[in-house]
Every structure is written in C-alpha cells, then in structure tokens.
Amino acid sequence: MAGTLAHGLLVTGTKESAEKNTMNIRVAQVNDAERIEMLNAQIGVSLSLSIIREKLAHMRASNNDLVLVAEVCGLVVGYAALHLQPVFFQDQPNGRVSSLVIDETFREMTIGTQLLDAARSFFNNKQCCRVEVSSPFHPDDAGGFYLNVGYRLTPSRYLRLIASQQSTDSDRGNVCRPAGWQ
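Starting from 1, residues in each chain are numbered consecutively following that chain's sequence as written. Selection of residues for local features in this predicted model requires a pLDDT of at least 70, selection of side-chain atom pairs for listing and counting requires 80 or more, and totals for whole chains, interfaces and linings are taken over all residues. Neither water nor hydrogens contribute to the side-chain values; these are computed over all heavy atoms in the structure.

### Re unusual backbone geometry
For Cys-73, which is not a glycine, the phi torsion comes out positive at approximately 55°. Runs of E in the DSSP output that reach at least two residues are strands. Runs of H or I that reach at least four are helices, and both are numbered from the N terminus. Residue placement: Cys-73 occurs in the loop between strand E4 (65-72) and strand E5 (75-85). Note on exposure labels: buried denotes an accessible area under 20% of the residue type's maximum, exposed denotes more than 50%, and partly exposed covers the range between, all computed with a 1.4 Å probe on protein chains only. Cys-73 sits in the partly exposed class, given a relative accessible area of 43%.

In structure tokens form, the structure reads like this:
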C-alpha cells in the first residue's frame, strides 16, 4: 500500500483508500478532537474539546509525541497517543503508548494491532530501546489483547498521585484520576 512519510512514520492509505471501505492510519489533526472525545467517553474518560484540541496541537508540534488515528470510510474509529521518554541510564529513549482507544463497535477488526504496528514503526525510527504500553483503563479487557500482540506484563512501577493535581477542574475534566482509580 502506498503511503507518505510523517514524523518518520510511513502513514498508510490515501483519501481514495478511505473511500473504498479500507482502513487508513494517519497523524491526527486538531479537527479529530470531537471523535477522540467520543472514543474517550466509551472508556469513561472525560476531557473537554478545548483540552483535546490543545493536546493535539501541542503533540503535532512536537518531535517526541504523536497521535495516530485509524479511519474506516473516513470515520475516526481509534487512536494511539505516542511519546518518547529519555531514560537516564540508557543511550536510547523508550517509546510509550499512553492511550490506545478503539471504538467498541470496531474492536474485532485488528485496528488496535495495526495502530500498535504503526507505533512500533515510529518508535523504531526514533531508535527507541523498548516500547511500554500504559493501560489504566479497563485493564482486564486490554490485558489479554496486549499479551496476544507480544507485550508482557511487568508490574514494576510505583505510582503516587500528587495531592495538588487530584482535584477536578470543570474545563479539564478528571485530570489525574482515570476511571476506576480510588
């Protein structure tokens, strides 16, 4: 399949392929914010459109962050948020997928796998040492998926929320407490 290079990533598909009922992965645009908001709502995450637009604009301007979207027939049906993380004790950065969300009606179509493949391509191009996937939302649902596509569970992280960031701001939504956190 033909593609174009963006952020060191081969972005697949064209406008024509989207019109022919095929899946297309591309770099997210600020105008994708409404669909991303709807996808987030499916997993219990509430962020305002203004915050999503702000994050998309910031990430598009960054060389270390990227949001990819998957489209079917021109409709955004999933997204992946990607980040490079410098690590003090190694020469190469780690890649991190902080969000991978697929519309619940499209979850049996390998879209998540294809987004992770595109993420791996981006991270490989950035010479990352490893890829970490964060899955704070519905880990029981996602855990089997990540194991099936080659990731392994490594419960070696300690987390503590910062008290000043635990309140809910009306515009920003539930800032630091993902769904299900106590």
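So that's the structure; there's more coming.
### A few points about helix H2 (residues 33-42)
Restricting attention to buried positions, one finds in H2 the residues Ala-33, Arg-35, Ile-36, Leu-39 and Asn-40. Each buried residue of H2 sits inside an arc of 160° when the element is viewed along its axis, so together they form one side. Those residues of H2 hidden inside the fold are in contact with helix H3 (49-61), E4, E5 and strand E6 (94-102). Phi for Gly-44, located one or two positions after H2, is positive at around 80°. An arc is given here, and it is the one of the directions from the helix axis to the C-beta atoms. Contacts: residue pairs with any heavy atoms within 4.5 Å of one another.

### Observations regarding the nonpolar core
Take the buried Ala, Val, Leu, Ile, Met, Phe, Trp, Tyr and Cys residues and link them wherever side-chain atoms come within 4.5 Å; each set so joined is a nonpolar core. Ranked by size, the top nonpolar core spans 25 residues in total, and within it Leu-68, Leu-82, Leu-100, Ile-111, Leu-115 and Phe-123 carry the most contacts. Contributions of two or more residues to this core are made by strand E3 (23-27), E4, E5, E6 and helix H4 (111-125). No other element matches the 7 residues that H4 contributes to this core. Those residues in contact with Ile-111 that lie beyond four places of it in its chain are Met-23, Ala-70, Val-72, Val-77, Ile-102 and Phe-106.

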